[in-house]
Amino acid sequence: MSYPRPTVAAPALPPFDYTVFGGTGDLALRKLLPALYLRDKAGQVAEGSRIIGVSRSPLSRGDFRAKAEQAIRDHVPADERDTALVARFLERLDYVPVNATTDEGWSELAELLNTPPSGREPAVRIFYLATSPSLFGPTCDQLRAFGLAIPDSRVVLEKPIGRDLASAQAINDQVGAVFSEPQIYRIDHYLGKETVQNLLALRFGNSLFEPLWNADHIDHVQITVAETVGVEERGGYYDQSGALRDMVQNHLLQLVCLVGMECPISLAQESVRDEKLKVLRSLKAIGADEIGSCTVRGQYRAGAVAGGAVPGYLDEPGIPSSSGTETFVALKLEIDNWRWAGVPFYLRSGKRLPAKMSEIVIQFRPIRHSIFPQGAGELQANRLIVRLQPDESIRLHLMTKEPGPGGMRLRPAALNLSFAQTFGGRFPDAYERLLMDVVRGNSTLFMRRDEVEAAWQWAEPILDGWAARHEMPKPYIAGTWGPSQSIALIERDGRTWHDDEIPAAAF
Ligand code: BG6
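Residues numbered from 1 in each chain as written. Predicted model: local features only at pLDDT ≥ 70, side-chain atom pairs only at ≥ 80, totals over all residues. Heavy atoms only, no water.

Quick notes on the overall build of the protein chain
Thinking step 1. Helix and strand counts for the protein chain come out as 15 helices and 18 strands.
Thinking step 2. Computed over its C-alpha atoms, the radius of gyration of the protein chain comes to 24 Å, within 12% of the 23 Å expected for a compact globule of 507 residues.
Thinking step 3. The principal-axis extents of the C-alpha atoms in the protein chain amount to approximately 80 × 55 × 45 Å.
Thinking step 4. Residues counted as buried form 52% of the 507 residues belonging to the protein chain.
Thinking step 5. Expressed as a percentage of contacts within the protein chain between residues at least 6 apart in sequence, the contacts between residues at least 24 apart total 77%.
Thinking step 6. A total of about 21,900 Å² of accessible surface is found on the protein chain, and carbon and sulfur atoms cover 54% of it.
Thinking step 7. Within the protein chain, the 63 negative side-chain charges are centred at a point lying 3 Å from the centre of the 55 positive side-chain charges. (Helix = DSSP H or I, 4+ residues; strand = E, 2+ residues; numbered from the N terminus. Rg over C-alpha atoms; globule rule 2.2 N^0.38 Å. Buried < 20%, exposed > 50% of the residue type's maximum accessible area, 1.4 Å probe, protein only. Contact = heavy atoms within 4.5 Å. Areas by Shrake-Rupley, 256 points an atom, 1.4 Å probe, with all protein chains shown as cover. Lys, Arg positive; Asp, Glu negative; His and termini not counted. Charge placed at Lys NZ, Arg CZ, Asp CG, Glu CD.)

Section: the site of the ligand
Thinking step 1. Every residue near the ligand is listed here: Lys159, His189, Tyr190, Lys193, Glu227, Arg234, Asp246, Met247, His251, Lys351, Lys356 and Gln389.
Thinking step 2. Glutamate 227 places a polar side-chain atom, nitrogen or oxygen, 2.5 Å from an oxygen atom of the ligand.
Thinking step 3. For the ligand, an oxygen atom lies 2.9 Å from a polar atom in the side chain of lysine 351.
Thinking step 4. Summarising the interface, the protein chains cover 82% of the accessible area of the ligand, which totals 400 Å² for the free molecule.
Thinking step 5. For the shell around the ligand, the element with the most residues is helix 9 (residues 243-260), which contributes three residues. (Near = heavy atom within 4 Å. Polar contact = N/O pair within 3.5 Å; in protein donor to acceptor, adjacent residues only side chain to side chain.)

Some words on the sheet that holds strand 5 (residues 154-157)
Thinking step 1. Pairing is mixed across the open sheet formed by seven strands, whose spatial order is 3-2-1-4-5-6-17. Every other strand in the sheet has two partners, leaving strand 3 (93-97) and strand 17 (446-447) as the edge strands with one partner each.
Thinking step 2. Pairing of strand 5 with strand 6 (residues 184-187) involves three bridges; the strand directions are parallel. The residue bridging valine 155 from the neighbouring strand is isoleucine 184, located in strand 6. (Pairing = 2+ DSSP bridges.)

Focus on the nonpolar core
Thinking step 1. By size, the foremost hydrophobic cluster in this structure holds 148 residues, and its most contacted members are Tyr18, Leu109, Tyr128, Leu333, Phe345, Ile360 and Trp458.
Thinking step 2. Looking at this core element by element, the count peaks at 11 residues for helix 9. (Core = buried A, V, L, I, M, F, W, Y, C linked by side-chain atoms within 4.5 Å.)

A closer look at the pairing of strand 12 (residues 344-350)
Thinking step 1. Of all seven residues that make up strand 12, seven are buried, and the element is covered over most of its length.
Thinking step 2. Residue alternation in strand 12 divides its side chains into two sets, Pro344, Tyr346, Arg348 and Gly350 and Phe345, Leu347 and Ser349, and both sets are buried.
Thinking step 3. Relative to strand 12, strand 7 (residues 218-226) runs parallel, the two sharing six bridges. Its bridge partner being in strand 12, threonine 224 is matched across the sheet by arginine 348.
Thinking step 4. In this structure, strand 11 (residues 328-334) lies alongside strand 12, joined through seven bridges in antiparallel fashion. Across the sheet, leucine 331 pairs through a bridge with leucine 347, a residue of strand 12.

Concerning the UniProt feature "binding site: substrate" (unreviewed entry) in the protein chain
Thinking step 1. Per the UniProt entry, the sites bearing "binding site: substrate" (unreviewed entry) are His189, Lys193, Glu227, Asp246, Lys351 and Lys356 in this numbering.
Thinking step 2. Looking at the element boundaries, lysine 193 is found in the loop between strand 6 and helix 7 (194-204).
Thinking step 3. Here lysine 193 is in contact with Gln389 and Ala430, once residues within four sequence places are set aside.
Thinking step 4. With respect to the secondary-structure elements, glutamate 227 resides in the loop between strand 7 and helix 8 (235-241).
Thinking step 5. Excluding residues within four positions of it along the chain, glutamate 227 makes contact with Met247, Gly350, Lys351, Arg352, Leu353, Ala355 and Lys356. (UniProt positions renumbered as here; feature names shortened; annotations may be inferred.)

A word on the pattern of salt bridges
Thinking step 1. Under the counting rule described, the total for this entry stands at 40 salt bridges.
Thinking step 2. A salt bridge links glutamate 326 to arginine 297; the shortest N-O distance between them is 3.1 Å. Taken together, the residues glutamate 326 in the loop between strand 10 (308-310) and strand 11 and arginine 297 in strand 8 (residues 295-301) connect sequence positions 29 residues apart.
Thinking step 3. Between arginine 449 and glutamate 453 there is a salt bridge; the shortest N-O distance is 2.7 Å. (Salt bridge = Lys/Arg side-chain N within 4 Å of Asp/Glu carboxyl O.)

Some points on the packing of aromatic side chains
Thinking step 1. A full pass over the atoms with the stated rule returns 15 aromatic pairs.
Thinking step 2. Where tyrosine 300 meets tyrosine 476, the ring centres are 6.3 Å apart and the plane angle is 70°; that geometry is what we call edge-to-face. Placement of tyrosine 300 in strand 8 and of tyrosine 476 in strand 18 (residues 474-477) is noted, with a sequence separation of 176 residues between them. A single burial state applies to tyrosine 300 and to tyrosine 476, both of which are buried.
Thinking step 3. Aromatic side chains tyrosine 346 and tryptophan 497 sit 6.2 Å apart centroid to centroid with 75° between the ring planes, which places their arrangement in the edge-to-face category. With tyrosine 346 in strand 12 and tryptophan 497 in the segment after helix 15 (484-491), this pair connects stretches of sequence that are 151 residues apart.
Thinking step 4. Connected via pairs of aromatic rings, a cluster forms that spans Tyr238, Tyr300, Tyr313, Phe328 and Tyr476. (Phe/Tyr/Trp six-rings, centres within 6.5 Å; stacked < 30°, edge-to-face > 60°.)

Here we look at the side chain of serine 55
Thinking step 1. Along the chain, serine 55 falls in strand 2 (residues 50-55).
Thinking step 2. Serine 55 gets classed as buried once you look at its relative accessible area, which sits at 11%.
Thinking step 3. Here threonine 24 takes part through its side chain, which lies 3.3 Å from a polar atom of the side chain of serine 55.
Thinking step 4. Filtering out sequence-adjacent residues up to four positions away, serine 55 remains in contact with Gly23, Thr24, Tyr95, Val96, Pro97 and Val98.

Considerations on the sheet that holds strand 14 (residues 383-389)
Thinking step 1. The nine strands lie next to each other as 16-15-14-13-7-12-11-8-18, forming an open sheet whose pairing is mixed. Lying at the two open borders of the sheet, with one neighbouring strand each, are strand 16 (410-418) and strand 18. Between one strand and the next, the sheet's axes are offset by a mean angle of 20°, whatever the strand orientation.
Thinking step 2. Where strand 14 and strand 15 (residues 393-401) come together, five bridges link them in antiparallel fashion. (Axes fitted to C-alpha atoms, helices over the stretch in contact; angles between N-to-C directions.)

Here's the deal with helix 1 (residues 26-41)
Thinking step 1. Between its terminal C-alpha atoms helix 1 stretches 22 Å, which fits the 22 Å expected from 16 residues at 1.5 Å a residue.
Thinking step 2. The largest bend along helix 1 reaches roughly 30° and is located at leucine 32, with the proline proline 34 sitting one to four residues downstream.
Thinking step 3. Here helix 1 has its buried residues at Leu27, Ala28, Leu29, Leu32, Leu33, Pro34, Ala35, Leu36, Tyr37, Leu38, Arg39 and Asp40. (Expected span 1.5 Å × (residues − 1). Bend = angle between axes of the 7 residues up to and from the residue.)

Structure follows, in structure tokens:
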């Protein structure tokens, strides 16, 4: 059965001034400007709203509009591009060259922001810092010095927030000296993905799963976030980060939180964030003596992905040939609380894997006693698979009787809820949702300071443990599922990674 989505107009929001620092960078062009255009097209951008690109490049407003137009051509699906609506969107764009660390350009930016279009209603003032985290503090200082950080303005911080606990605290202190916590929106774009939000609906909008959602009934959980891409043009950043900092400390831990958390009192922002924080604080530390058995780091070598040859990590642009940065990580973690005691969560994430695929697998325990005769077929334990991307779906593997008169033969089969088939239409990109949540003033899907710091607190001993061992990451061939040690990590416990249902088209 399909349930077409109702065509209600998106709710109107107040006008805004979105100032995007790093306005000509990869994130702004690939994600932010296309997302703002799509929200404008959906009728969510009030008249008089402005989007102001800021970077050091000496561009004119016309140059910036031309870049934005190209970005929309490159990153918005053809059937969403409408010439008149693109033209209307470009009219909303402005540009000011600003140097975050000197006074250059700041008076011009202040002048522009303090001169709103005539007759406009009061607007929400937002600063989106799509820059290196080292510029977050200096930029906020300048926003204060030039009187731009007014009481109800908001600041959006892109990840990574620091590279360890101390640097995250330093950034949070610097930004916190200018903006109060409710004014700070720390983005983790995974929280804006439709299917990630659906975890809340699945768990707390159904009575079916919650009674089983604990160590009595769940054997283990697997979370895989696999990418086919390499480091692309971001070698400089990536080599300083690696997979643990780039993906696990934020995106994968947020998924762990949504799977592991208790039911919040309501969907109010602090209730949800309080529950996520409890999960982060319950994560069992991986001690120095467990680094070898609970974690695996990998680095890709030349291979083939999607039928095309790709270079190894050390031959990518901007990567030193002796780099010891990991492009793959697998690990086993535990949530040390009443609900989850003894249930391992196996996480893995990597670049240049065979498919782009993010998935959560909840593996239930086997039945406690079988009434079926020998020869009825192997009884497989139930498995719930939440496919976050692509082909968003929820599948429940069940045992069924094979049809026919030949006696009781059992076979696994899946109940499959495909979101595309059920609801149809386009799923908005995570940034569309999150950018408008900032305008709305809703920070439920953003990370609070204590969450970010608790996540670093757990990740830091792993980073320290790796550094102390002085080992190079294990090599894996691009286009495979990571180093063999990551398979051993789970097989040692008598379990296997759930790789059997990757759509052929994804290879
Ligand atoms: C970003 C990481 O946060 O997430 C990138 O910095 C990664 O390295 C990206 O490629 C993955 O996001 P998505 O939405 O494509 O799964």
